[in-house]
Structures are given as C-alpha cells and as structure tokens.
Amino acid sequence: MTANGWFQIGFFLLVIFLLTKPIGIFMTRVFNREKNFLDPVLRPIEKLVYRLTGVDEKHEMRWTEYAVAMLLFSGVSMALLYLLERTQKWLPFNPQKFPNVEPGLAFGTAASFTTNTNWQAYSGESTMSYLTQMAGLAYHNFASAAVGIVLAIVVIRGIARKETDKLGNFWVDATRCLLWVLLPICIVGSLVFVSQGVVQNLKPYTTVQLIEPQTVQVTGADGKVATQIVTQQVIAQGPVASQEVIKEFGTNGGGFFGANSAHPFENPTPFSNFFQLVLIFAIPSGLTYTLGRMTGSQRHGWAVWAAMTFLFFAGVATAYWAEARGNPLLAGVNQNASAMHSGGNMEGKEVRFGIANSALFSTVTTDASCGAVNSQHDSFTPLGGMVPLINIMLGEVVFGGVGAGLYGVVVFVILAVFIAGLMVGRTPEYLGKKIEAYDVKMAMLAILILTFTILGFSAVAIVKPFGASSISNPGPHGLSQVLYAYVSSTGNNGSAFGGLNVNTMWYNTSTAVAQLLGRFFMIIPVLAIAGSLARKKTVPESAGTFPVTGGLFAGLLVSTILIVGALTFFPALSLGPILEHLLMSAGKAF
C-alpha cells in the first residue's frame, strides 16, 4: 500500500461527498415536479410522450397498480430484446454478419439486461451486432436503471406521505427519470469518453498486419496440439462510448467488449477510469440526500450515507491490503511497491491502473449493482476476492445500484428500527410511522428471497455434473466461482469471478431465473412496505422514540446489515475464500 494509493481512494470519496447534495436536490425537484433549468427543453417533449402514449400524468397509482405497470413494462421490454437477439442475422447494422443468438443465451441475456444485472455469458464483440448493442442492450441500460430509480422514489414517497394509498404514476416517473436524470448526463458523459479515446463508430472490424508475428499453440478438433504463426489481428470497434456512459451511470455494468472496463477501447486512461467510478456512485449517493429532503429529515439521509460510507471504506481497505501484500507462494519474488512496479498481486490487473485502482474499482462496482470490472476478480487473492463477494451478499446496500441500493437499505432500516424497539420495549417508529408486523414480514421476505435463491442454486450446481463440470479450479476456489455466479445474478450485479464456463443451458437458465427472482421478487415486498407506510398516520416523537438521525442509528444500521446480510452466508464463505486463504498460507494454491 502506498500514500498515493490512499490519496486516490480518499479523493474519490471526497468527490462523491461533494456530488451527493446537488444530485440529491436535482432528483428531488425532478420527481416532485418542481421547476428546474431543463424544463424549457424537456417539458414539451414530456407532454408529447404522454399525448402519443395516452398517459394521464395527473393519475396516481396505488402500490399494486404501480407494481403491475412496472412488471408489464419490464416483461414486454424483455420479450423485445429476446426477439432482437434471435433475429439479428437478418437485421441491419451487422457488419460482421454475426448469426442469431442461440435461444438459451438469448433468454439469459434478455433477463440479465432487463433486471439491471447485465450478466454476460458471451463476449459482445464476437456475439452481438451493432443494432443489438444499441437498440437492445443500451436501451435496457436506460430502462432498467429508470425502473430502479423510480422504485426508490416510490419508497421515499411512502415514508413521506401519510394517510393515502397514492404513490405516483409509474409511466410519469419513468419518463421524467429518462428525460431529466439519465439522458442529459449520458449525452455529456459519452462525449467525455470520446475525448479520452473511447471508440464510437459504426465501422466494420479492422484487420491489421502484426509488426511482429506471434507463434502460438492451438488445439485441433482431434485434440492434438499444433504450432501456428499468427500474422494478423482483428481489431473490434463500434458504438462503445454511448453504451459505456449508461453502463456506469445506470449501474448496469455490461461491457461492449468481453474484457469490459479492462479493455483500452472502453477504459483507455486513468481519468476515464476515475470518471467511470464517479458515475457508478453518483446516483446511489445522491438518493440518500433525496431521502432526507423528501422526508423532511436531512440528518436521517446523512446518517444512511454515513453507514454506507463506513461499509465502503472497510471493504476497499481490506481489498487494497489483501492485494498489496501479494501472494505468499511467490517466494523470492519482490512484491513491494516501488518506482519501477506496482508491487503486490498484479495477476489479472491492468498495469495502467495498478493495485489501488483495481481494488477500488472492484469494491465500488460490487457495492453498487454495477458489475463492471477493470481487473479479473478470479485472480484476486482469496481475501481480496472475498470483498466483492461479501459486498453483493450484503444486498448491495453500500450505496448500491441506482434506486435498488436505497430501497434495499430501507429494508435494513426497518429491521434496525424494529430491533431498537424490541430493546427498549415499545412499538418501533420510523420517521413518525409505526413499524408493525406486516412491515417487518415484508422486509424479511425480501431478504429471505435473496438467501434461498443464492444458496439453493449454488447447492444444486455444486453437487450435479451439469453444474460442477463448468468449474475450472478444484477445491474451495471452484466453490467460490459457483457461489459468485449466483450471488452476482441474484444480487443483479453481473460481475463474474471468471474461470467458470457459464454459457451452458444450466447456467444460462438458472442464472436468468435467479436474476428475475432477485429483482422482481424483492421489489414486490418493498413496494408493499411503501404502500403500508403511506397509509399510516404520523405520530409525534416522544422521549422513548429511537432517533434515526445520529451515530447510534448509523452504528445499529451497520450492525444489522452485517449480522443479517453477512453472517447468513458465513458457512459458504468459510468453505470458499476463507478456506482457500488458510490453505494458501499453508503453501497450497488452486
């Protein structure tokens, strides 16, 4: 670890802190329909959209109607993406003449991008046409992000409103989110990426002659190994920058290239790397301020932000320490940082980013439900790789995905307030609303859905040949690969440990089902909580009311997240990365 590395981590956190208030205020104005500087341009477009689609912008929905609208929108969008993948061979903007995507992969990809997971069992540059990338995958990057954000707004409205069953209009909220929040930043951000060297064109791939031909060994269909001299290289390109910005800003994570943000055409410079990190946390951090502003308790919003920040810093510090200390099995190798090299465990990392930025990126992308990567998580040390795994297991509430992180942390807030009420022997209250049995049941249902899905699918994949045959490493590391696949899918993260062949019928289908369960079966209980809170009366604070605005509350919230989120999976972690770390320390690697 170096002072420069810590400075970069600290500077990133400072920038996020400075952006939290302005972004939070802007989103409050957008969803409260207050005037802002974009109205003269966007308001006429918004009215036109409603006129063409027949939406009554004054109509407000109950939570059940809101949920049905959201499910219909997501279901139709998923079907259209599946159809686009299955017919791309005959559609335009396919200069490489890619064939139609096979059914299992097409279904898994459609489910993945609809749920904001962006799990990729393929390499985009060798599978998807430009039209599929632009009109299919990039569209879903916008749509799934908008769904997550408006659901967070609904939860905030449920907390803020009283004695009503009206929570807003899904179509209006989604339209305003797309027009005011996502599109303006993405237009500007894509130009920033282009300025850094991110590719943006519709040209066919370019074949170039290598200056120095390479000799490689290839395995033929008969299983024999032959020597081959490679004299040419195909350079993939395409409309990358326009997809890259919403990939990060919408915490989607699906890369245009298989190498994702480790690819020089997606992430060419240190500044583009930093800009991507800021985009990932911008909306999730801003929503904590929106929570405080819309509920009338700004200190509560900052308390939630502080709890998230503590967990973030604990994770990045652990990952940075684990990777900077290197691999103890490389005896006699100098792994100390110096002016000549980064030091530490550089396996699977880009030299232009080094240890600190790799550890920071892996932590940020798994704290949020982004899943973008600039290094190979499979090549991290056991404890370093355990950090992104735990981040997702916590429910990705450490800032979390756009919207999903906030409504996920509200679930833990309700549990924390409930526990506090049990300790003092009175009915728990949350910002003037009494937390009752129904609210706690819905909160626990949301958490249990994630737990059963992750552990259930992982257990089947480990014991059955159709799952275990895809593992590339034996022992505890292989368990980590499978566990990460279902943690990432159910948590709608989308990053992968790597080393696991997931382009099979079992993994394409099971991960898709896990993604749908992790997204929509969690959203329904959360919307039910919002509807329940909105119907309640507010009660004045008393001497026995547990405050949700200070350090005590932030500490209780962190404890609840760790106890409920992390310890649930401790047996699985002890058989995976923890056991691997102990064996590595004893001189054995996998």
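(A) Layout of the overall build of the chain. In terms of regular secondary structure, the chain is built from 19 helices and four strands. For the chain, whose C-alpha radius of gyration is 24 Å, the value lies close to the compact-globule estimate of 25 Å for 590 residues. Counting every position in the chain, which comprises 590 residues, the buried fraction comes to 57%. Put simply, 78% of the contacts in the chain that link residues at least 6 apart link residues at least 24 apart.

(B) Here's a closer look at a nonpolar patch on the surface. Taken together, Phe7, Phe11, Leu14, Phe17 and Leu18 make up a surface patch of nonpolar side chains, about 510 Å² in accessible area. With respect to the element layout, Phe17 can be found in helix α1 (residues 3-31). Phe17 sits in the partly exposed class, given a relative accessible area of 39%.

(C) Here's a closer look at the packing of helix α13 (residues 437-463) against helix α16 (residues 505-535). Running from N to C, α13 and α16 cross one another at 175 degrees; their axes reach a closest spacing of 8 Å. Relative to α16, the element α13 lies roughly antiparallel. Along the lines of polarity and charge, the residues of the contact of α13 with α16 split into 20 nonpolar, four polar and one charged.

(D) Representation of the pattern of salt bridges within the structure. Evaluation of the coordinates by the stated rule reveals 15 salt bridges. The salt bridge involving Lys247 is made with Glu248; its shortest N-O contact spans 3.5 Å. The class of Lys247 is buried, set by a relative accessible area of 0%. On the basis of relative accessibility, which here comes to 0%, the residue Glu248 falls in the buried class. Ionic pairing is found between Glu266 and Lys247, a salt bridge with its closest N-O pair at 2.6 Å. Of this pair, Glu266 sits in the loop between α7 (241-249) and α8 (270-295) while Lys247 sits in helix α7, and the two are 19 residues apart along the sequence. Across this residue pair, the class does not change: Glu266 and Lys247 are buried.

(E) How the structure looks around the environment of Gly565. Within the fold, Gly565 resides in helix α17 (residues 551-566). Sequence-wise, Gly565 and Gly395 are 170 residues apart; in three dimensions their C-alpha atoms are separated by 6.8 Å. Leave out the neighbours within four places in its chain, and Gly565 touches Met393, Leu394, Phe412 and Thr560.

(F) Up close: the side chain of Asn94. Take Asn94: it is sitting in the loop between α3 (63-87) and α4 (103-114). Polar contacts involving the side chain of Asn94 include one to the main-chain carbonyl oxygen of Gln88, which spans 3.5 Å. What Asn94 contacts, discounting residues up to four positions off in sequence, is Gln88, Lys89 and Ser129.

(G) Fine view of the nonpolar core. Counting 131 residues, the largest nonpolar core has Leu182 and Phe312 as its most contacted members. Counting residues per element, this core draws most heavily on helix α5 (residues 130-160), which supplies 14 residues. Once residues lying within four places of it in the same chain are set aside, the contact partners of Leu182 are Phe142, Ala145, Ala146, Ile149, Cys177, Ile246, Phe249 and Ile283. Within the second largest apolar cluster, 23 residues are counted, among which are Met78, Ala121, Phe457 and Val502.

(H) The pairing of strand β2 (residues 225-235), seen in detail. Relative to β2, strand β1 (residues 206-219) runs antiparallel, the two being bridged by ten bridges. The partner of Val208 across the bridge, within β2, is Gln233. Turn length for the β1-β2 hairpin, with the two strands adjacent in sequence and antiparallel, is five residues, and the turn residue Gly223 shows positive phi of about 90 degrees.

(I) Structural detail: helix α15 (residues 475-490). In this model, α15 (16 residues) spans 23 Å end to end at C-alpha, consistent with the 22 Å of a helix rising 1.5 Å per residue. Buried residues dominate α15, accounting for 14 of its 16 residues. Of the residues flanking the end of α15, it is Asn492, one or two places downstream, whose phi is positive at about 55 degrees.

(J) Layout of helix α6 (residues 170-196). Its 27 residues give α6 an end-to-end C-alpha distance of 37 Å, which sits within 8% of 39 Å, the value for a rise of 1.5 Å per residue. Positive backbone phi, at 110 degrees, marks Gly197, one or two positions downstream of α6.

(K) Broad picture of the environment of Phe257. Note on placement: Phe257 falls in the loop between α7 and α8. What makes Phe257 buried here is its relative accessible area of 1%.

(L) Representation of the packing of aromatic side chains within the structure. A full pass over the atoms with the stated rule returns 32 aromatic pairs. Relative to Phe274, the ring of Phe12 has its centre 6.4 Å away and its plane inclined at 85 degrees; by these criteria the two rings are edge-to-face. In this pair, Phe12 sits in helix α1 while Phe274 sits in helix α8, placing the two residues 262 residues apart along the sequence. Taking the relative accessible area as the measure of exposure, Phe12 reaches 0% and is therefore buried. Judged by centre distance (5.0 Å) and plane angle (75 degrees), the ring pair of Phe170 and Trp171 falls under edge-to-face. Classification of Phe170 by relative accessible area gives buried; the value is 0%.

(M) A look at the packing of α5 against α16. For the pair α5 and α16, the least separation of the axes is 7 Å and the interaxial angle reads 25 degrees. One element, α5, and the other, α16, form an angle in the roughly parallel class. Crossing of α5 against α16: the hand is left-handed. On the side of α5, the interface is formed by Ser144, Val147, Gly148, Leu151, Val154, Val155, Gly158 and Ile159, while α16 contributes Arg519, Ile523, Val526, Leu527, Ala530, Leu533 and Ala534. A class-by-class count of the residues in the contact of α5 with α16 yields eleven nonpolar, three polar and one charged.

(N) Focus on the side chain of Ser470. Here Ser470 lies in the loop between α14 (465-468) and α15. When neighbours within four sequence positions are excluded, Ser470 is seen to be in contact with Gly499, Leu500, Asn501, Thr504 and Tyr507.

Analysis parameters
Residues numbered from 1 in each chain as written. Predicted model: local features only at pLDDT ≥ 70, side-chain atom pairs only at ≥ 80, totals over all residues. Heavy atoms only, no water. Helix = DSSP H or I, 4+ residues; strand = E, 2+ residues; numbered from the N terminus. Rg over C-alpha atoms; globule rule 2.2 N^0.38 Å. Buried < 20%, exposed > 50% of the residue type's maximum accessible area, 1.4 Å probe, protein only. Contact = heavy atoms within 4.5 Å. Patch = residues over 30% accessible without salt bridge, like charges linked within 9 Å, V, L, I, M, F, W, Y side chains within 5 Å. Areas by Shrake-Rupley, 256 points an atom, 1.4 Å probe, with all protein chains shown as cover. Salt bridge = Lys/Arg side-chain N within 4 Å of Asp/Glu carboxyl O. Axes fitted to C-alpha atoms, helices over the stretch in contact; angles between N-to-C directions. Parallel < 35°, antiparallel > 145°, perpendicular 65-115°, else oblique. Nonpolar A, V, L, I, M, F, W, Y, C, P; charged D, E, K, R; others polar. Polar contact = N/O pair within 3.5 Å; in protein donor to acceptor, adjacent residues only side chain to side chain. Core = buried A, V, L, I, M, F, W, Y, C linked by side-chain atoms within 4.5 Å. Pairing = 2+ DSSP bridges. Expected span 1.5 Å × (residues − 1). Phe/Tyr/Trp six-rings, centres within 6.5 Å; stacked < 30°, edge-to-face > 60°. Left-handed = near helix turned anticlockwise from the far one by under 90°.

Nothing here speaks to function; it is all geometry.
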